[in-house]
There are 4 protein chains.
Amino acid sequence: MAGNSFGQLFRVSTFGESHGRAIGLVLDGCPAGLAIDEAFIQAELARRRPGQSAIVTQRREEDKAEILSGIFEGRSTGAPIAMVIFNADARSKDYSHIADKYRPSHADYTYQAKYGLRDYRGGGRSSARETAARVAAGAIAKLFLLSEGIRIQAYVSQVGHLQLHGNYQELHLSQAEANPVRCPDAAMAEQMEALIREVRKAGDTIGGVVSCVIQGCPPGLGEPAFDKLHADLGKAMLSINAAKGFEYGSGFEGVRMRGSEHNDIFFSEGGRARTKTNFSGGIQGGISNGMDIYFRVAFKPVATIVQPQESLNEAGEKAIVEGKGRHDPCVVPRAVPIVEAMAALVLADHLLRHRATRV
Amino acid sequence: MAGNSFGQLFRVSTFGESHGRAIGLVLDGCPAGLAIDEAFIQAELARRRPGQSAIVTQRREEDKAEILSGIFEGRSTGAPIAMVIFNADARSKDYSHIADKYRPSHADYTYQAKYGLRDYRGGGRSSARETAARVAAGAIAKLFLLSEGIRIQAYVSQVGHLQLHGNYQELHLSQAEANPVRCPDAAMAEQMEALIREVRKAGDTIGGVVSCVIQGCPPGLGEPAFDKLHADLGKAMLSINAAKGFEYGSGFEGVRMRGSEHNDIFFSEGGRARTKTNFSGGIQGGISNGMDIYFRVAFKPVATIVQPQESLNEAGEKAIVEGKGRHDPCVVPRAVPIVEAMAALVLADHLLRHRATRV
Amino acid sequence: MAGNSFGQLFRVSTFGESHGRAIGLVLDGCPAGLAIDEAFIQAELARRRPGQSAIVTQRREEDKAEILSGIFEGRSTGAPIAMVIFNADARSKDYSHIADKYRPSHADYTYQAKYGLRDYRGGGRSSARETAARVAAGAIAKLFLLSEGIRIQAYVSQVGHLQLHGNYQELHLSQAEANPVRCPDAAMAEQMEALIREVRKAGDTIGGVVSCVIQGCPPGLGEPAFDKLHADLGKAMLSINAAKGFEYGSGFEGVRMRGSEHNDIFFSEGGRARTKTNFSGGIQGGISNGMDIYFRVAFKPVATIVQPQESLNEAGEKAIVEGKGRHDPCVVPRAVPIVEAMAALVLADHLLRHRATRV
Amino acid sequence: MAGNSFGQLFRVSTFGESHGRAIGLVLDGCPAGLAIDEAFIQAELARRRPGQSAIVTQRREEDKAEILSGIFEGRSTGAPIAMVIFNADARSKDYSHIADKYRPSHADYTYQAKYGLRDYRGGGRSSARETAARVAAGAIAKLFLLSEGIRIQAYVSQVGHLQLHGNYQELHLSQAEANPVRCPDAAMAEQMEALIREVRKAGDTIGGVVSCVIQGCPPGLGEPAFDKLHADLGKAMLSINAAKGFEYGSGFEGVRMRGSEHNDIFFSEGGRARTKTNFSGGIQGGISNGMDIYFRVAFKPVATIVQPQESLNEAGEKAIVEGKGRHDPCVVPRAVPIVEAMAALVLADHLLRHRATRV
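Residues numbered from 1 in each chain as written. Chains lettered and ligands numbered in written order. Predicted model: local features only at pLDDT ≥ 70, side-chain atom pairs only at ≥ 80, totals over all residues. Heavy atoms only, no water.

(A) Main features of the pattern of salt bridges. Per the counting criterion, the structure on display carries 123 salt bridges over all chains. A salt bridge links A:R21 to D:E66; the nearest nitrogen and oxygen atoms lie 2.8 Å apart. Highlighted residues: A:R21 in the loop between β2 (11–16) and β3 (22–28) and D:E66 in strand β4 (residues 66–67), drawn from two different chains. On the accessibility criterion, A:R21 (41% relative accessible area) is partly exposed. The exposure class of D:E66 is partly exposed, given its relative accessible area of 23%. The salt bridge partner of C:R353 is C:D232, with a shortest N-O separation of 3.8 Å. Here C:R353, found in helix α8 (residues 332–354), pairs with C:D232, found in helix α5 (residues 229–238); they are 121 residues apart in sequence, far enough to count as distant. (Salt bridge = Lys/Arg side-chain N within 4 Å of Asp/Glu carboxyl O. Helix = DSSP H or I, 4+ residues; strand = E, 2+ residues; numbered from the N terminus. Buried < 20%, exposed > 50% of the residue type's maximum accessible area, 1.4 Å probe, protein only.)

Written out as structure tokens, the structure reads:
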């Protein structure tokens, strides 16, 4: 209820603060008998890890997930899987200067307003460091989905004004991991990287968009009314730090279309129903139809900038906030594995929920 | 779990099919002692009702909500409030021709794939008629919010390519109800209405955008990790039929900005922290900051069109679907009260959840 | 959250007050494709109905459940099943004399303390009339369980000091329905009936015990830590009006035994593991082991008696409460179908939950 | 959903196996601003710890809870509180002889039946070692309750046939901690201890009863229909390993009474409503009435005995199970703090839930 858990049957609960002793998670409801590849979990964490390239924050964290429970002889037992990542390079002193100040567009003010006190070090619980726990849980979700033939691939499709146009089908999605920006178009990736470097040099930050494609999803996942598959995906994405928008299928652009253009015509292929176009984004009436699911997530420019900004302190007096700490000039390269992890958690949950559908 | 309930503490469960005996809802967790204005509930339903103007579906439903429980001597008692709306003008025969066919971009195929059977009449459970129950529950949520000084106002900001530009502050939002489109700009409303009429004449449909503004929300609502206020708003909106996208504050446009432009600078006014700009959309770190909350919801063109379309039947054979039934050429005018209702349900829930925050 | 729903995947929400317009329920999560026998639902309600015999309350209610949704052509569709029972013989005037008084050992005082107001007519929401909704939902759960080979049979095993001794295996459980007390031992049933008549004549009431046996439950139902099968059964039973205790298997008596006597020795029969004794009551470590599940539920004497009692009014002043209204001298004969219904709801829920257990 | 979490708003999730790396918990929803006394948490764990006296298991575990998150400068922050207890003295080899055998009346068979595999070492997840996590979380719940004036005291009231008679009011409950049995009557405690020693010498085990009294609970806690306060207490207690029964107030004995004896007569004292008797056990209609809450929990004899027993192996063949490992001859002395912890978790949860009750 306090909002630190996600999912109904495949359910992750995260804990931990940026500069506390550790962050971690409990994954409850992972089906028994799943082969758990620890190296894969670690590889996923490496994709999110700070310090992975020159265009991300240089905080040094190994992000080693230690499994405490729920696995026996390499397989999930059906018991809760707990993982802990101890914080290593937590320079809490970097934050003493803002202990009683509200950084603009951060959660400092709202946490204070909500709780009456807050762990100001590195943003405490509001830090994006919490997402490492999501990636670790998401890795297990991915293993489960892979065993059912479902693959998830996200990539950066926009940084600032630099935007990939065209359909994802024209891209080599697997190329996304070939560059630090995680944009599958090499030429565009170069431009994006240059822009991020320029922005960082200016002590500034910039926003971006992560796109995501899910392939191999069977028809039938998602619930009719409130827990539509895209509604749960939307919530999952909007729960990621700095997310500002979500659209799937034709999205905001589809608004301009007529029904006669937008409707996806069914045809039969190999005995399976398919659609000629896919403006539905693989989801109709909130339920997957077997076509690719795709969606886009907007991320704002990171709020921490290396420029002095006017603000308030806890007493309500004017105060100057100066940018210190180590932060990302643009969040999207590291957001890619987080988007995938959250998508995997949604799909794994709906796969299990779907099992209760028929007599 | 089956997705027909929404909210944690202020929780609505809906039931009913488009052409079944009735639709309805149970609202559990409405605090005791709230004065329930039945006329207000009815007025809200009238805003969503079919047949309210020439540009919406002409199905004739009075949409009279009968309260079965939970109210005593005009006040909520803390017991579940059940309401039923009996279906009157259900012309199920209109649907016999599609009993075994999948209408393009409807939920016919996905329901069949999920459940192995379906109530095909009027889309059954997948019909937007279900949202009447949401509006009735939302009316009670609004009464609760009003008692706390929170006001919600939605309006149509785009139909097809016709888009309102500029900030909501420049609009007279209360004018939205002055025309059948529910656009607060009278000139634009006229153009939009003309476009909708044209589209309908062509037997076609068109998409649109509903914008929403929430005023008077205190700081502190929303939970940090997964149940961020905007994440729950996003899910709520994406759960509305035909929704394709959600953005709040700077949204997808904010992606292009730099942090130095996008950050909302705090200042003190009358002892309260306020921000000079509001790209945050009233929510920081997932928690309300006391500024206006605003967001936009994209709706696709309605899938039912009065044109023959190729499709499949349940046997997987080619079939022609012809558009019959009475449907909206554009969903957004009637979506306005639904967007408000869902926003009210989210806010009411978070208001109650917030009470558990401190010792 | 407000406590009017039960179950995770097979989930019932009830609503309605004793003297309001109607009581009812929404059952969400019933698997699609289940044949719904409406006559069976009605027959179950008849077993709980007031006025069914001379030893129960003489309030006249037909208790006709009207199905509003979720069934199409005789089968569940996977959509929520809503049922309504309109109140007919609600003599609210019978209660005007206690509008501001607290009846001893009723919920009058605690409701007032909790909510600050209450629907005093017939106990409002606290009335056992709410259990009719449980019986209707439980009937559907039973149909689902029967399709999986699981049968539930409850019976009266004690009224006041009159107690059936010996094991349930020595009884002809099906005989329970042959007499108004619902005790499967005809001689004991006669004594019990005489005692209830005597107590009623004295304007008094008396307690009792309902025992329940579940046969055909497969091994594997129940969850390890908090949602042990017997813990959920216990909560289900204790949520029934007037329940004061629950025990399963060896129960409170087992406390006196040694481990060497109490342990149930496994043996193999027809390839299935069975146990020689069944002190475990069919549940080990919270999970069913395939043996019969059995448990007992204690019910206190009904609080409404036809004798003047000292009490308080809402102002905190002394007041005399006189027994009016039509009430049961002993709750257990009508509690039998309620116990079965709640047991069925627990089992149906765990059957569905179990489907998510393995990869 | 997989049953490893408990509570709605004050919610604990436990993880860990008896012989895995660690056990632990995440407590979500603890209100912000609560002073956390770590020494108190440790003291509560010491009451449950193995090896605390000669009449409990001699496994040597320090049971040191390490706090990983959610506390800042000695106070809860509103973020999830994670605690880990690393396993020290896990002699897994003690269990290799039963790797493929089902110990009678343990969870070995049912876990295998449910999951298809199991961590057999020390019972894995089914071990009572999991309850250490409950005690740690319960300690924080107690701190919260104490800040609201609510005190919980459990004690041993029966071991085998040795039973304390009379009311708890005649006992000096605080004396319960003065002896290893945790029975507040010194003479009875000595007899009980002698019985436990005798049973242990015989390589056997014996059952017992834990009674519990909650004082200072305000009127109004508990929900009307399914989440009655005693129903949630009952589930909490029945979820403890080896629990077989629960009764509150007059319990199973109350069955024999007449309503005219059993009804608790209200009177006013110091402006507060009180009752002359308290057969209701402090709960009426599922809601606390401000009187003492009291209940009893039955525990079976521990299943592990030092005697060879006939059983089956995973192949379904006959096998002899010999008792090894270090186990309790009687569970109740160590169950006392567990009962208190679970009661505290229920009360803390309902305290928070109650805050949402009125406008």
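(B) The interface of chain C and chain D, seen in detail. Contacts between the two partners involve 111 residues from chain C, matched on the other side by 110 residues from chain D. Taken together, both faces of the contact between chain C and chain D bury some 8,500 Å²; the carbon and sulfur share is 57%. The three residues of chain C that bury the most area against chain D are C:K114, C:F226 and C:K244, which together make up 11% of that side's buried surface. The interface formed by chain C and chain D holds ten salt bridges in total. Put simply, chain C and chain D have 46 residue pairs in polar contact (both at pLDDT 80 or more) between them. Take the side of chain C that touches chain D: its biggest share by element is seven residues, from helix α2 (residues 108–115) of chain C. (Contact = heavy atoms within 4.5 Å. Buried area = accessible area lost by both parts, 1.4 Å probe. Polar contact = N/O pair within 3.5 Å; in protein donor to acceptor, adjacent residues only side chain to side chain.)

(C) Region of the structure containing unusual backbone geometry. Within the chain, C:E73 stands out as a residue other than glycine whose phi angle is a positive 55°. With respect to the element layout, C:E73 can be found in the loop between β5 (71–72) and β6 (75–76).

(D) Layout of the confidence of the model for chain A. Considering every residue of chain A, the mean pLDDT works out to 95; 98% of them sit at 70 or more. Our summary of model confidence lists the complex with pTM equal to 0.98 and ipTM equal to 0.98. (pLDDT = per-residue confidence, 0-100.)

(E) Seen up close, the interface of chain B and chain A. Taken residue by residue, the interface counts 110 residues in chain B and 110 residues in chain A. Both sides of the chain B and chain A interface together cover about 8,500 Å² of buried area, and 57% of this is carbon and sulfur. Looking only at chain B, the three residues that lose the most surface to chain A are B:K114, B:F226 and B:K244, adding up to 11% of its buried area. Where chain B touches chain A, the interface holds ten salt bridges. B:D227 is paired through a salt bridge with A:K235; the nearest N and O atoms lie 2.7 Å apart. Our count for the contact surface shared by chain B and chain A stands at 45 residue pairs in polar contact (both at pLDDT 80 or more). Among the elements that take part in the side of chain B that touches chain A, helix α2 (residues 108–115) of chain B stands out by supplying seven residues, more than any other. Of the residues belonging to the side of chain B that touches chain A, the class tally is 43 nonpolar, 44 polar and 23 charged. Taken together, the three bridges between strand β11 (residues 243–248) of chain A and strand β11 (residues 243–248) of chain B define a ladder with antiparallel strand orientation. Each bridged residue has a counterpart across the sheet, and for A:F246 the counterpart in β11(B) is B:F246. (Nonpolar A, V, L, I, M, F, W, Y, C, P; charged D, E, K, R; others polar. Pairing = 2+ DSSP bridges.)

(F) Main features of the pairing of strand β10 (residues 208–215) of chain D. All names here are of chain D. Across the eight residues that make up β10, a large majority, seven, are buried. Looking at chain direction, strand β8 (residues 151–159) and β10 are connected through eight bridges and run antiparallel. By the bridge assignment, V159 is partnered in β10 with G208. As defined by bridge partners, β10 adjoins strand β16 (residues 293–299) across seven bridges and the pair is classed as antiparallel. By the bridge assignment for β16, S211 is matched with R296.

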